[in-house]
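Coordinate inspection notes
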Amino acid sequence: MTAIVPPASHDDLVIAGRRFRSRLMTGTGKYPSLEAMQASLEASGCEIVTVAVRRVQSGAPGHGGLMEAIDWSRIWMLPNTAGCATAEEAVRVARLGRELARLAGQEDNNFVKLEVIPDSRHLLPDPFGTLEAAEQLVKEGFAVLPYINADPLLAKRLEEAGCATVMPLGSPIGSGQGIRNAANIALIIESASIPVVVDAGLGVPSEAAQAMEMGADALLINSAIALAGDPAAMARAMALATEAGRTALLAGRLPQRADARASSPLEGRVTNH
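My aim in this report is to walk through the structure given alongside it, one point at a time.

Rules and cut-offs
Residues numbered from 1 in each chain as written. Predicted model: local features only at pLDDT ≥ 70, side-chain atom pairs only at ≥ 80, totals over all residues. Heavy atoms only, no water. Helix = DSSP H or I, 4+ residues; strand = E, 2+ residues; numbered from the N terminus. Rg over C-alpha atoms; globule rule 2.2 N^0.38 Å. Buried < 20%, exposed > 50% of the residue type's maximum accessible area, 1.4 Å probe, protein only. Areas by Shrake-Rupley, 256 points an atom, 1.4 Å probe, with all protein chains shown as cover. Lys, Arg positive; Asp, Glu negative; His and termini not counted. Charge placed at Lys NZ, Arg CZ, Asp CG, Glu CD. Contact = heavy atoms within 4.5 Å. Pairing = 2+ DSSP bridges. Right-handed = clockwise from strand over helix to strand, strands pointing away. Axes fitted to C-alpha atoms, helices over the stretch in contact; angles between N-to-C directions. Parallel < 35°, antiparallel > 145°, perpendicular 65-115°, else oblique. Left-handed = near helix turned anticlockwise from the far one by under 90°. Nonpolar A, V, L, I, M, F, W, Y, C, P; charged D, E, K, R; others polar. Salt bridge = Lys/Arg side-chain N within 4 Å of Asp/Glu carboxyl O.

1. Describing the overall build of the chain
Within the chain, the secondary structure is distributed over ten helices and ten strands. Against the 2.2 N^0.38 benchmark of 19 Å for 273 residues, the chain shows a C-alpha radius of gyration of 20 Å, consistent with a compact globule. The principal-axis extent of the C-alpha atoms belonging to the chain is close to 85 × 40 × 40 Å. Counting every position in the chain, which comprises 273 residues, the buried fraction comes to 50%. When the accessible surface of the chain is totalled, it reaches about 13,100 Å², and 53% of it is carbon and sulfur. Between the averaged position of the 24 positive side-chain charges in the chain and that of its 30 negative side-chain charges there is a distance of 3 Å.

2. A word on the environment of Cys46
Within the fold, Cys46 resides in the loop between α1 (34-44) and β4 (48-52). You can call Cys46 buried: its relative accessible area is 5%. Separated by 126 residues in the primary sequence, Cys46 and Pro172 have C-alpha atoms spaced 23 Å apart. Excluding residues within four positions of it along the chain, Cys46 makes contact with Ser22, Leu24, Thr26, Leu41 and Ile75.

3. Thoughts on unusual backbone geometry
One non-glycine residue, Lys30, lies in the positive phi region at around 75°. As for its placement among the helices and strands, Lys30 is situated in the loop between β3 (24-26) and α1. Phi at Leu123 takes a positive value of approximately 60°, unusual for a residue other than glycine. With respect to the secondary-structure elements, Leu123 resides in the loop between β6 (111-114) and α5 (127-139).

4. Digging into the pairing of β6
Neither face of β6 is left uncovered, since the one carrying Phe111 and Lys113 and the one carrying Val112 and Leu114 both have all their residues buried. Inspection of the sheet shows β6 paired to strand β7 (residues 143-148) by four bridges, in the parallel sense. When the bridges of β7 are listed, Lys113 appears paired with Leu145. Chirality of the crossover, the property in question, places the unit of β6, α5 and β7 among those that are right-handed.

5. Digging into the packing of helix α4 (residues 87-103) against α5
Close contact between α4 and α5 brings their axes to 8 Å; oriented N to C, the two are set at 40°. The angle between α4 and α5 places the two elements in the oblique class. The handedness of the crossing between α4 and α5 is right-handed. In this structure, α4 uses Ala87, Glu88, Ala90, Val91, Ala94 and Arg95 to contact α5, whose residues at the interface are Gly129, Glu132, Ala133, Gln136 and Leu137. By residue class, the composition of the contact of α4 with α5 is six nonpolar, two polar and three charged.

6. As for the pattern of salt bridges
Enumeration according to the criterion identifies eleven salt bridges in this entry. Between Glu115 and Lys113 there is a salt bridge; the shortest N-O distance is 3.0 Å. For the pair formed by Glu115 and Lys113, the shared burial category is buried. In this structure, the salt-bridge partner of Glu159 is Lys156, at a minimum N-O distance of 3.3 Å. Taken together, the positions of Glu159 and Lys156, both in helix α6 (residues 152-160) and three residues apart, correspond to about one turn of that helix. Because the salt bridges share partners, they merge into one network encompassing Asp11, Arg23 and Arg246.

Next comes the structure, spelled out in structure tokens:
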């Protein structure tokens, strides 16, 4: 069985040659229940969902029954290397993730979200380990989606190494601080020839819209949805914000000016004389 490919449109998100209509990716962790996760995935309209390979394999709390709870004929699996502190660990887990996708029926799925995070307190990715692992995984035929700090030089190196996307963080994982690295993310977007996915730190729909208005190609949002009072409602809000931000970008914003400009023309106005 192979996941269903949606019909092409003029504004599809294309990653490693594969097309997606939705530009919102979501995760599978931190939900209060599998039912809440299922409702949220449906409400978000997402077509890509991350799965923490180690947590699924170990049967970590909240991950039991996860593989059976998702319709993998509709959702494209993005295995991730969460919990890996070194490049070697990440490469090993990525290989397991590819097998996990195959067990779900996605025989041609070679995607991996690459995370190399040795710092358990701040959860910031290791740039050196990430680049090392990315280079190896690209050689092995993976479509690598690396999670990184908002570092324009690293983003370019990863693109040159053959990564399918770059995924700069807006702010630390699960912090809900929004986009704290806007200037650097803008530089990454400006120079990238591959999709830029803002990942981590987004807390509310206005921040999702902001990232898309800046020119991000897609978003990955997990904690802000899963830990909301009503996850499914927040998932729908994030989907709408993602679409609104993308539409606004394509529409072209009003140029900013230092002075005011009347919205009504002065010519032809009624005078008192």
